[in-house]
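So you can see what is in the structure, the chains are spelled out below.
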Amino acid sequence: MEKISIPNIELVIIEKNITNITNNQKPTSLIVTKRFLTCLLTKLHAGYFRISLSLGGQALLWKTLIGPTKDTSISRHVLSMLPNSVFILLWSLSLFILSLLSLLYLLRCLFFFKMVKAEFLHHVGVNYLFAPWISWFLLLQSSPVEFITPETLTYLILWWIFAVPVVILDIKIYGQWFTKGKRFLSTVANPTSQLSVIGNLVGARAAAEMGWKESAVCLFSLGMVHYLVLFVTLYQRFSDGDSVHVMLRPVLFLFFAAPGVACLAWESIVGDFDTLSKMLFFLSLFLFISLICRPALFKRSMTRFNVAWWAYSFPVTILALASTEYAQQVKGAFSHILMLILLALSVLVSVSLTVFTLLNSKMLLPDNDPIASFLIV
C-alpha cells in the first residue's frame, strides 16, 4: 500500500504545482508586457524620428547614385554600377523603421496624449514633429520605380497626406513667432527650429518632381523666407549656452542641412543646378567646415551614446547628395573628389551610427533624455 500511495501523492502535488505555475505565468507575462509598453511609449518622443530621417536620406542618396545621370566621369560611372538590391534593402529597412516609429507614436498619442501635448507646446519638442513628415517625404522621393513614381495618382495622394500636416505646423509655429510675446522667434529660436524650414523644402522638392511647380514654389518661398530670418536670429544667439542642451549639440549640424535641402529643392524647381543652387551648396559646405573645425563643441555630447547622435547623419547625407548634383554640373577633378569624400563620409557616419545603436540598444531609452525630461506631466 505504501509503495502505491506515495507515488500517487507525489503525482498530485506535482500536478498542483504545475497548475499553479501555469496560472501565475499568464498575469506575470501580461504585467511585464504592459510595463514595457508603458515605458516605451512614455519615453519614445518625436526626436526618435532622427533615425528614420537619416535612413530616408541614405535611401534617396543611393537612388540618385544608381539612377540615370548626365555625368560621364569615371567616378560617377563606377558609382552607378552599385547593386540595385542594396538600395531596395535600404529603402525597405527605412520603410520598416519609419512605419514602426509611426505606429508607436500613434499609440503614444492615443494613450499618453498629455505628453504629446506637452511636446507640441515646447519650443524644442514641437520642431521634431516635422521629422516624421520629412521622413515620409524622403521615402516617397526615394521610392523604387517598381512601386511609386511621381506620375502616379498614389504619389499625388501621399504628397497631400504628408504636406497638409507640415503646413498646419507652419501656421502654428510661424504664426507664434510674430503674434505671441512669449513665443517670439528671438525667445524660442534654437537649432531644431530649422526642421520647420526643412519640412517645407523637402515638400517643395517632392512637388517639383511631379510637375507641381506652383506648389513647389509656394513651399520653397515659405521655407526660405523664414530660414533667412531664423538664420540671422540663430547667428545672434549662437553664443548663448542655454540655447541648446549639451546632449543635443549634434543638432547644430542642421545649420548646413537647411541650405543643402534648399539647393536640391531649387534645382528640382528650375530643372538645372544654376547659380542660386551653387550659392546654397557653397553656404552649406562652408557651415559644414565651420562646425567640423570645432570638435570641442561636441566633445561633451559624445562622451556617452545617445539617440541624438543620429542628428549627424541626415545633414551629412544631404550635403553629399548636393555634391553629386554639383559634380554633375561642374566638370572637373575638384568637384568629383569633393563628391567622393562627402559620399564616403556620409556612408561611414550612417554605418557607424547603426553599429553604435545595435551595440548600445539598452541605452536607446535613457532616463536622462534631455527632450523627455520636459514631457513629464
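Conventions used here
- Residues numbered from 1 in each chain as written.
- Predicted model: local features only at pLDDT ≥ 70, side-chain atom pairs only at ≥ 80, totals over all residues.
- Heavy atoms only, no water.
- 1 Å grid on protein atoms, 1.4 Å probe; cavity = no way out; pocket = protein on both sides within 12 Å on 5 of 7 lines; lining within 4 Å.
- Points joined across faces, edges and corners; volume = space filled by probe spheres on them.
- Helix = DSSP H or I, 4+ residues; strand = E, 2+ residues; numbered from the N terminus.
- Nonpolar A, V, L, I, M, F, W, Y, C, P; charged D, E, K, R; others polar.
- Phe/Tyr/Trp six-rings, centres within 6.5 Å; stacked < 30°, edge-to-face > 60°.
- Lys NZ or Arg CZ within 6 Å of the ring centre and 35° of its normal.

> Go over the layout of surface pockets, please, and point to the residues and values.
Considered as a void within the structure, the largest pocket measures approximately 880 Å³ in volume. Looking at the largest pocket, it is lined by 32 residues, and the ones nearest its centre are T64, P68, R205, E209 and E325. Sort the elements by how many residues they give to the lining of the largest pocket and helix α2 (residues 49-66) lands first, with four residues. Tallied by class, residues from the lining of the largest pocket come to 11 nonpolar, 11 polar and 10 charged. Of the pockets and cavities examined, the second largest pocket occupies roughly 670 Å³. Residue assignment for the lining of the second largest pocket shows that the elements contributing at least two residues are α2, α4 (84-111) and α14 (333-359). Classifying every residue of the lining of the second largest pocket gives 21 nonpolar, five polar and no charged.

> Explain empty space enclosed by the protein residue by residue, including any values.
This structure, assessed with the given rule, holds three cavities of 30 Å³ or more. Together, R50, L53, S54, Y128, L195, V251, L254, W310, A311, F314 and P315 line the largest cavity. Within the residue set of the lining of the largest cavity, elements represented by two or more residues are α2 and α13 (313-329). Examining the composition of the lining of the largest cavity, we find that three residues originate from one element, α2, more than from any other. Residues that form the lining of the largest cavity fall into these classes: nine nonpolar, one polar and one charged. Within this model, the second largest cavity holds a volume of roughly 80 Å³. The element contributing the most residues to the lining of the second largest cavity is helix α7 (residues 153-179), with three residues.

> Can you explain the packing of aromatic side chains? Please cite residues and give values.
Here the structure, examined in full by the defined rule, presents 22 aromatic pairs. The structure contains a cluster of three or more aromatic residues connected by ring pairs, namely F253, F256, F288, F298 and Y312. In this arrangement the basic side chain of K172 is found over the ring face of F120, its NZ or CZ atom lying 4.5 Å from the centre.

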